[in-house]
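For reference, the chains in residue letters:
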Amino acid sequence: MIHGFVQKVWATIGCAALLYGALMLMASAKAQTPTRGATPLGADLPHIALLLPVDSSTFQRHGEALRDGFLAASKVPDPPALLIRIYPVGEDPKTAVAAYQQAVQTGARVVVGPLLRAAATAVANGDLRVPTLVLNVPEGNLPARPNLFILGLQIETEARQAARTAWRDGRRNALTVAGDSPLLKRVRQSFSDEFRAQGGKIVHEFLFNTSPAELERLKKAVDSKTADMAFLALDARQARGVRTTLEPLPLYASSQAYSGDTSPGAVVDLAGIRVFDMPWLLQRDHPAVMIYPRQRFADPDLERLYALGIDAWRISQAMMARHTEITIDGVTGALSLGRNRQFNRDLNMLRLGENLPVSPVGQIAPPPAPILDKPPVTRPAPKAADKGTVKKP
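All chains use their own residue numbering, which begins from 1 and follows the written sequence. In keeping with the predicted nature of the model, local features appear solely for residues at pLDDT of at least 70, side-chain atom pairs appear and are counted solely at 80 or more, and the whole-chain, interface and lining totals rest on all residues. Excluding hydrogens and water, the side-chain figures rest on all heavy atoms present in the structure.

Draft legend 1. Up close: empty space enclosed by the protein. Only protein atoms enter the 1 Å grid used here. Points where a 1.4 Å probe fits but cannot escape make up a cavity, open sets with protein on both sides within 12 Å along at least five of seven lines make up a pocket, and a residue lines them when an atom lies within 4 Å of a point. Grid points are joined across faces, edges and corners, and a volume is the space filled by probe spheres set on the points. Tallied over the full model, the rule gives 3 cavities of 30 Å³ or more. Around the largest cavity, the lining residues are Val-177, Phe-206, Leu-207, Phe-208, Asn-209, Glu-214, Leu-215, Leu-218 and Val-242. Secondary structure elements follow DSSP: runs of H or I of four or more residues count as helices, runs of E of two or more count as strands, with numbering from the N terminus. Breaking the lining of the largest cavity down by element, the ones donating at least two residues are β7 (201-207) and α7 (212-223). In terms of residues, the lining of the largest cavity owes the most to one element, α7, which gives 3 residues. Split into classes, the residues belonging to the lining of the largest cavity amount to 7 nonpolar, 1 polar and 1 charged. Ten residues, namely Ala, Val, Leu, Ile, Met, Phe, Trp, Tyr, Cys and Pro, are considered nonpolar, four, namely Asp, Glu, Lys and Arg, are considered charged, and the remaining ones, Gly among them, are considered polar.

As structure tokens, then:
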């Protein structure tokens with residue numbers, strides 16, 4: 001599986017009543033006491049505000065992973081000049097806007113977040129008095145505003161890039177295989193739309209099914225030679241189930257087909273599939289990636305959010321410098337600010353089984369950079385009178 005969290009947040013963002021929305025303007029429980037003197041509660045001090053679901057019972061790990069990436073990047077090469085305050089913010093639009101306003105009133109020079117879509121949409125539509133980077137694509141069409149910046153990990157980006165790459169590789173007739181989840185169907189649709197826009201044709205469409213009869217039907221479609229490639233909107237487990245049936249077609253897939261498992265068995269089972277993912281996972285030994293410390297995550301989704309935090313920090317610095325054009329060779333991809341204020345993200349492509357760091361069975365490949373044991377120091381955010389409400393699914 002890939003993007004388990006993305007499936008719940010970026011991919012199921014149509015569910016407005018996600019989980020929570022507590023407005024508790026205090027430091028995360030894991031934030032450490034500042035060493036340069038305590039910040040009085042309610043003090044107005046210049047700072048960078050980070051709005052994340054670090055107090056959510058469901059998304060706490062994900063918010064903390066992104067937070068830790070942000071804080072880790074802030075120390076490279078030197079500690080930040082401004083304080084960083086963590087504002088626990090979930091999905092509820094009203095509490096997200098209240099948190100944003102509180103952050104600005106108490107000295108925020110830049111705001112990063114929220115992460116969940118309903119909250120990000122509310123903040124993006126509000127009064128943006130300082131440069132603001134929302135970490136999800138807001139709903140609807142927003143007018144371009146100078147203080148609005150948008151960065152997200154949309155899975156559709158990977159599918160569209162796969163379609164463009166396949167077209168450049170000379171592929172013209174595609175066979176697609178998709179899982180039955182709404183997310184995977186959307187991934188296939190994004191690929192198909194872009195491939196057709198390039199001039200290609202979708203000649204066969206299959207839903208994932210490993211029954212003998214369906215595998216035989218799939219094999220007949222391959223043997224008919226009407227397709228010159230296949231696109232897999234599948235997770236890693238599903239991709240393993242159909243890869244050999246699809247031979248000898250060239251195979252393309254989103255990062256869902258790469259679970260981060262580099263054990264010999266997993267690498268062999270997925271060998272040859274072209275996946276699109278971020279440099280943080282596919283180019284661990286690249287100097288621009290190795291400069292940042294890593295945490296060990298068993299879940300690749302958390303690694304992706306940690307990487308998003310790193311790039312969010314780098315963008316926040318460009319925002320504070322009031323750069324009008326921002327281009328970053330990021331760990332989540334090559335980032336460039338579009339006219340719609342959203343960052344375009346160009347990903348890496350890798351054929352699985354080639355140049356992957358192979359680890360012992362059942363283990364994660366050791367990271368090439370030092371492990372970050374403790375997050376950098378942050379200042380506590382001031383308390384708010386209104387604690388907000390908690391929304392449940």
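Draft legend 2. Up close: the packing of aromatic side chains. Note on aromatic contacts: the rings of Phe and Tyr and the six-membered ring of Trp form a pair at centre separations within 6.5 Å, being stacked when their planes are under 30 degrees apart, edge-to-face when over 60 apart, and tilted otherwise. With the rule as written, the count across this model stands at 6 aromatic pairs. With a centroid separation of 6.5 Å and 80° between ring planes, the pair formed by Trp-167 and Phe-195 is classed as edge-to-face. Pair noted here: Trp-167 is in helix α5 (residues 155-168) and Phe-195 is in helix α6 (residues 182-198), with a separation of 28 residues, a long-range link. Given a relative accessible area of 0%, Phe-195 falls into the buried group. Following the ring pairs from residue to residue traces out a cluster consisting of Trp-167, Phe-191, Phe-195 and Phe-231. To sit over a ring, a charge needs its Lys NZ or Arg CZ within 6 Å of the ring centre and within 35 degrees of the ring normal. Over the aromatic face of Trp-167 sits the side chain of Arg-172, whose NZ or CZ is 3.4 Å from the ring centroid. Note that Arg-294 overlies the ring of Trp-280, its terminal NZ or CZ placed 3.7 Å from the centroid. Relative accessibility under 20% of the residue-type maximum defines a buried residue, over 50% an exposed one, and the middle range a partly exposed one, all with a 1.4 Å probe and only protein chains included.

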